[in-house]
Amino acid sequence: MKLSDSIGDLDGRGNLLAAACPSREVLKHLTSRWGVLVLIVLRLGPHRFSAIRKRIGGVSERMLAQTLQWLEGDGMVLRRDFQTVPPHVEYSLTPLGEEAAAKVADLADWIELAMPRIDAAQVARGRDAA
């Protein structure tokens, strides 16, 4: 059953449309700008923090750390500490994270392919109006 098919908790799933639904927090983490980009990068395989930061232009160290913590807390990302000096930590997707990453990658691909139409709509509406 899809969200569009059910508004209640009839089949044991959450209800994103309800204000108090805990699914909203996970949705926020997965679909935030940085959450999407982290999932896309980690689809390529395990990465160290600095490698993720280099691949994602514009993300601050603080926001990346927070995003990784959110995704780890939601069971999407695995943090592996090799207990070495100097510290060596790698991040990778869990099986749950692989599923989520595939979904957000589809959305990101669609956005990139639709950009000419999106740009045209924004120009037609007056980009500065938003």
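Throughout, residues of each chain are indexed from 1 in the direction in which the sequence is written. With pLDDT at 70 or above as the cut-off, local features in this predicted model cover only qualifying residues; side-chain atom pairs require 80 or more to be listed or tallied, and sums for whole chains, interfaces and linings still use all residues. Only hydrogens and water are removed before side-chain values are computed, so all heavy atoms of the structure are retained for them.

**Student:** Could you clarify how one ought to interpret the overall build of the protein chain in this entry?
**Tutor:** Only DSSP runs of H or I reaching four residues or more are called helices, and only runs of E reaching two or more are called strands; each is numbered from the N terminus. A count of helical and extended segments in the protein chain gives five helices and three strands. Going from the N terminus to the C terminus, the protein chain shows its helices and strands as α-α-β-α-α-β-β-α. Within the span of the protein chain, comprising 130 residues, buried residues form 28% of the whole. Residue contacts follow a heavy-atom distance rule, with two residues in contact if any of their heavy atoms lie within 4.5 Å. A separation threshold of at least 6 residues defines the contact pool for the protein chain, and within that pool the share at least 24 residues apart is 39%. Surface accessibility of the protein chain: about 8,900 Å² in total, with carbon and sulfur atoms responsible for 57%. A 1.4 Å probe rolled over the protein chains alone gives each residue an accessible area, and that area as a share of the maximum for its type sets the label: buried under 20%, exposed over 50%, partly exposed in between. Only the protein chains shown count as cover for residues, with accessible areas throughout obtained via the Shrake-Rupley method and a probe of 1.4 Å.

**Student:** Before we go on, may I ask you to explain a nonpolar patch on the surface in this structure?
**Tutor:** Side chains of Leu107, Trp110 and Ile111 sit close together on the surface and give an oily, nonpolar patch of about 290 Å² of accessible area. Its location among the elements puts Ile111 in helix α5 (residues 95–125). Two joining distances apply to patches: 9 Å for like charges and 5 Å for nonpolar side chains (Val, Leu, Ile, Met, Phe, Trp, Tyr), and every residue must have over 30% relative accessible area and no salt bridge. The term salt bridge refers to a side-chain nitrogen of Lys or Arg lying within 4 Å of a carboxyl oxygen of Asp or Glu.

**Student:** What exactly am I supposed to notice about the layout of surface pockets here?
**Tutor:** The rolling of a water-molecule-sized probe over the atoms marks out the regions of remaining empty space. With a 1 Å grid laid over protein atoms only, a set of points is called a cavity when a 1.4 Å probe fits there but cannot get out and a pocket when it is open yet has protein on both sides within 12 Å along at least five of seven lines; lining residues have an atom within 4 Å of a point. Grid points are joined across faces, edges and corners, and a volume is the space filled by probe spheres set on the points. When its volume is computed, the largest pocket comes out at roughly 220 Å³. At the level of secondary structure, the elements contributing two or more residues to the lining of the largest pocket comprise α1 (23–31) and α5.

**Student:** Sorry if this is basic, but what is going on with the side chain of Ser92 here?
**Tutor:** Its place among the elements puts Ser92 in strand β3 (residues 89–93). Discounting chain neighbours no more than four positions away, the residues touching Ser92 are Leu42, Pro46, Met76, Val77 and Leu78.

**Student:** Help me understand the pairing of β3 in this model?
**Tutor:** Remark: a regular strand shows side chains that alternate across the two faces of the sheet. Among the five residues of β3, four are classified as buried, and the element is accordingly described as predominantly covered. Two strands qualify as a pair provided that DSSP identifies no fewer than 2 bridges between them. By the bridge criterion, two bridges tie strand β1 (residues 47–48) to β3 in an arrangement that is antiparallel. Opposite Arg48, over in β3, you have Glu90 as the bridge partner. Bridge count for strand β2 (residues 77–81) against β3 is five bridges, and the pairing is antiparallel. Bridge assignment links Arg80 to a residue of β3, and that residue is Glu90.

**Student:** Even after reading the chapter, I still don't get unusual backbone geometry, so can you show me in this structure?
**Tutor:** Among all residues save glycine, negative phi is the norm, and among peptide bonds the norm is trans. That bond from Val85 to Pro86 is cis: its omega, -5°, falls within 30 degrees of zero. With respect to the helices and strands, Pro86 occurs in the loop between β2 and β3. A positive phi angle, close to 50°, is found at Gln83, a residue other than glycine. Structurally, the position occupied by Gln83 is in the loop between β2 and β3. Given a relative accessible area of 67%, Gln83 falls into the exposed group.

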